[in-house]
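# Structural description and commentary
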Amino acid sequence: MAFKSSFTHFLVIYMILSEIFLISFSYATNTTCPSGYPEKGVAVDKEDIDKMQFAVNLEFLEAEYFSWAAYGYGLDVVAPNLPMGGPPPIGARKANLDPLTMNIIMEFANQEIGHLRALNSTVGVFPRPLLDISAKNFAKLFDEAFGHKLVPPFDPYRDSLSYMLSCYVIPYVGLVGYVGTNPNINGYVTKRLLAGLLGVESGQDAVIRMYLYERATQFVPPYTYTVADFTARISELRNKLGKCGIKDEGLFVPPQLGAENRIKSNVLSADFNSISYKRSPAEILRIVYSSGDEHMPGGFYPKGANGKIAKDFLK
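Now for a quick tour of the structure.

Cut-offs used in this document
- Residues numbered from 1 in each chain as written.
- Predicted model: local features only at pLDDT ≥ 70, side-chain atom pairs only at ≥ 80, totals over all residues.
- Heavy atoms only, no water.
- Axes fitted to C-alpha atoms, helices over the stretch in contact; angles between N-to-C directions.
- Helix = DSSP H or I, 4+ residues; strand = E, 2+ residues; numbered from the N terminus.
- Parallel < 35°, antiparallel > 145°, perpendicular 65-115°, else oblique.
- Left-handed = near helix turned anticlockwise from the far one by under 90°.
- Contact = heavy atoms within 4.5 Å.
- Nonpolar A, V, L, I, M, F, W, Y, C, P; charged D, E, K, R; others polar.
- Salt bridge = Lys/Arg side-chain N within 4 Å of Asp/Glu carboxyl O.
- Buried < 20%, exposed > 50% of the residue type's maximum accessible area, 1.4 Å probe, protein only.
- Phe/Tyr/Trp six-rings, centres within 6.5 Å; stacked < 30°, edge-to-face > 60°.
- Lys NZ or Arg CZ within 6 Å of the ring centre and 35° of its normal.
- Polar contact = N/O pair within 3.5 Å; in protein donor to acceptor, adjacent residues only side chain to side chain.
- Core = buried A, V, L, I, M, F, W, Y, C linked by side-chain atoms within 4.5 Å.
- Patch = residues over 30% accessible without salt bridge, like charges linked within 9 Å, V, L, I, M, F, W, Y side chains within 5 Å.
- Areas by Shrake-Rupley, 256 points an atom, 1.4 Å probe, with all protein chains shown as cover.

At a minimum axis separation of 8 Å, helix H10 (residues 227–242) and helix H11 (residues 281–288) run at an interaxial angle of 125 degrees. Regarding the angle of H10 to H11, the classification is oblique. The way H10 lies across H11 gives a crossing that is right-handed. Contacts between H10 and H11 pair Arg 238, Leu 241 and Gly 242 from the former with Glu 283, Arg 286 and Ile 287 from the latter. Its residues assigned to classes, the contact of H10 with H11 shows two nonpolar, one polar and three charged.

Within the structure shown, the criterion is met by eleven salt bridges. The closest approach of N and O atoms between Arg 128 and Asp 76, which form a salt bridge, is 3.0 Å. Within this pair, whereas Arg 128 is found in the loop between helix H5 (99–122) and helix H6 (135–146), its partner Asp 76 is found in helix H4 (residues 75–78), the two being separated by 52 residues in sequence. With a relative accessible area of 1%, Arg 128 lands in the buried category. Looking at Asp 76, the relative accessible area reads 42%, which means it is partly exposed. The salt bridge partner of Glu 214 is Arg 215, with a shortest N-O separation of 3.6 Å. Exposure remark for Glu 214: the relative accessible area of 56% places this residue in the exposed category. Here the salt bridges do not stand alone but share partners, grouping Glu 64, Asp 76 and Arg 128 into one network.

As a further point, take the packing of aromatic side chains. Under the definition given, this model contains 17 aromatic pairs. Note on Tyr 65 and Phe 138: the rings are 5.0 Å apart at their centroids and 25 degrees apart in plane angle, and the pair reads as stacked. Of the two residues, Tyr 65 sits in helix H3 (residues 56–71) while Phe 138 sits in helix H6, which places them 73 residues apart along the sequence. When sorted by exposure, Tyr 65 lands in the same class as Phe 138, which is buried. When the ring of Phe 146 is compared with that of Phe 230, the centres are 4.8 Å apart and the planes differ by 70 degrees; the resulting orientation is edge-to-face. Placement of the pair is Phe 146 in helix H6 and Phe 230 in helix H10, with a sequence separation of 84 residues. Residue classification places Phe 146 among the buried positions, given a relative accessible area of 6%. Seen from the ring of Tyr 211, Arg 215 lies directly overhead, with NZ or CZ sitting 3.8 Å from the centre.

Another point: helix H2 (residues 46–54). Within H2, burial applies to Asp 48, Met 52, Gln 53 and Phe 54. Near the N-terminus of H2, the side chain that reaches the backbone nitrogen of Glu 47, with its oxygen 2.8 Å away, is that of Asp 45.

As a rule of thumb, nonpolar side chains are buried together in soluble globular proteins. The biggest cluster of nonpolar side chains holds 82 residues, and the ones touching the most others in it are Ile 105 and Leu 212. At nine residues, H3 tops the list of elements feeding residues into this core. The residues touching Leu 212, leaving out its near neighbours within four places in the chain, are Leu 161, Met 164, Leu 165, Tyr 168, Val 227, Thr 231 and Leu 251.

The grouping of Tyr 73, Val 77 and Val 78 at the surface amounts to a nonpolar patch, some 230 Å² of accessible area in total. By secondary structure assignment, the location of Tyr 73 is in the loop between H3 and H4. The class for Tyr 73 is partly exposed, based on a relative accessible area of 33%.

Take the packing of H3 against helix H7 (residues 160–167) next. For the pair H3 and H7, interaxial distance at closest approach is 12 Å and the crossing angle is 170 degrees. With respect to H7, the element H3 is oriented roughly antiparallel. Residue-level inspection shows Tyr 65, Phe 66 and Ala 69 of H3 in contact with H7, the latter providing Tyr 163, Ser 166 and Cys 167. Looking at the contact of H3 with H7 residue by residue, the classes come out as five nonpolar, one polar and no charged.

Written as structure tokens, this is what we have:
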């Protein structure tokens, strides 16, 4: 009787697994799925290339920053073909992350590597620009945001909360950049790439903001400022550097800037209609250069960003 029962269980499990396999095989071999692309038109318009390549600068920044923080090494180890001989980043090191934050940043790191591969296969990439992701550079940025020197200097690699606050600085800039680029893209394959990149960058920013929102009223050791204070100051600084009005908001805002002008809570940063803000390449360079001037490199790009659009500003 025990044998019969065991055999019955085995048979049931076998049938279930067989069904799962058949369903999976059916999906894998289905050749009737439409591509979703139009039958006519240009896949990658030549005018799309420079616009999309501009984003490679930010993808390199994110890939290196996340990879080093999570793994203790960057693209030269995990994807040595992608940097194309560009110089290694300045001040990169592993962050002191708890298991939850480590898992988040490891996923982000690998997503950014995928982004670079996708960009390379669609529009091509250029050599990695010189990046400064040192604690010293972040300390300077946060000092500027607060209007005075923080004591001790802000160190993004110190702990999980410090690192996630530093991450608040980066993916959102890529997000608004993609939104700004979108209306100027012509090719249907390029549009698909941009939409896919924008989706994940938006997701990363949402994860970072939610992580910080849950801790909004906590003080950031060893300072007397809360997490919400940090986000407000960084957003104010980016608006100041970008020079094109309010396109960046902290975790809390006055009701007139909240969704439908009703709430102060601001888990996601968006305009009056809850649509993502957009920025031009010039605005982005003013921010990531930390100079407020697209012609004056500095900040994360000591020698300037790469690609035709960025280089044209340096002529």
